[in-house]
Amino acid sequence: LDRVLARAIDFERAQGAEVSIETRQPLDGRRRFRGRLLAFDGESASVRVDGAVFCIPFSDVVKAKAIYEFSSADFAGGAGRR
């Protein structure tokens, strides 16, 4: 259900979503970030992680994906259950 973010257009479309990003080099002592993608300007992604905002250069991203957020509607109706 998670969507891979590989291109700049993928990051633009994922603005506002929960994302997971791994970088080549540590940024403020960490390489893995999971949080809300606030903005993407083509060169860097602004991600809110635990209340702090990190600006991650697109060129440093090794892996990234948008994380599907389940809601109560996903479980309504009990389809497939017996």
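Residues numbered from 1 in each chain as written. Predicted model: local features only at pLDDT ≥ 70, side-chain atom pairs only at ≥ 80, totals over all residues. Heavy atoms only, no water.

*Asks:* Help me understand the overall build of the chain, please; the structure alone is not making it clear to me.
*Replies:* Looking only at helices and strands, one finds one helix and six strands in the chain. Taking 2.2 N^0.38 as the reference for a compact globule, 82 residues should give roughly 12 Å; the C-alpha atoms of the chain span a radius of gyration of 15 Å, well beyond that estimate. C-alpha extents for the chain along the principal axes are approximately 50 × 25 × 20 Å. By residue count, 28% of the 82 residues in the chain fall in the buried class. Of the contacts formed within the chain by residues at least 6 apart in sequence, a portion of 47% connects residues at least 24 apart. Counting 14 positive and 12 negative side-chain charges, the chain places the averaged centre of each group 8 Å from the other. (Helix = DSSP H or I, 4+ residues; strand = E, 2+ residues; numbered from the N terminus. Rg over C-alpha atoms; globule rule 2.2 N^0.38 Å. Buried < 20%, exposed > 50% of the residue type's maximum accessible area, 1.4 Å probe, protein only. Contact = heavy atoms within 4.5 Å. Lys, Arg positive; Asp, Glu negative; His and termini not counted. Charge placed at Lys NZ, Arg CZ, Asp CG, Glu CD.)

*Asks:* Hey, could you run me through the sheet that holds strand β5 (residues 52-57) in this one?
*Replies:* Within a beta sheet, neighbouring strands are joined by backbone hydrogen bonds and run either parallel or antiparallel to one another. The antiparallel open sheet is built from six strands, whose spatial order is β1-β6-β2-β3-β4-β5. Sheet topology places β1 (3-4) and β5 at the edges, where each strand pairs with a single neighbour. As defined by bridge partners, strand β2 (residues 18-27) adjoins strand β6 (residues 61-66) across five bridges and the pair is classed as antiparallel. From the neighbouring strand, threonine 23 faces β6, where its bridge partner is valine 61. (Pairing = 2+ DSSP bridges.)

*Asks:* Is there a simple way to think about the pairing of strand β3 (residues 30-40) in this case?
*Replies:* A regular strand places its side chains so that they alternate between the two faces of the sheet. Where β2 meets β3, six bridges bridge the pair, whose relative direction is antiparallel. The residue bridging leucine 27 from the neighbouring strand is arginine 30, located in β3. Where β3 and strand β4 (residues 44-49) come together, four bridges link them in antiparallel fashion. Note on β4: the bridge partner recorded for arginine 36 is arginine 48. A loop of three residues connects β3 with β4, the two strands running antiparallel in sequence, and glycine 42 in this loop sits at a positive phi of about 100°.

*Asks:* Before we go on, may I ask you to explain the nonpolar core in this structure?
*Replies:* General note: in soluble globular proteins, nonpolar side chains tend to be found buried as a group. Leu5, Phe11, Ile21, Leu37, Val47 and Ile56 are the most contacted members of the largest nonpolar core, which has 16 residues in total. Once residues within four sequence positions are removed from consideration, phenylalanine 11 is found in contact with Leu5, Ile21, Leu37, Phe40, Ala45, Phe58, Val61 and Ala64. (Core = buried A, V, L, I, M, F, W, Y, C linked by side-chain atoms within 4.5 Å.)

*Asks:* In this structure, what is going on with the side chain of glutamate 18? I would like to understand it.
*Replies:* Take glutamate 18: it is sitting in strand β2. Judged by its relative accessible area of 17%, glutamate 18 falls in the buried class. Ignoring anything within four residues of it in the chain, the contact list for glutamate 18 reads Arg34, Gly35, Arg36, Lys65, Ala66, Ile67 and Glu69.

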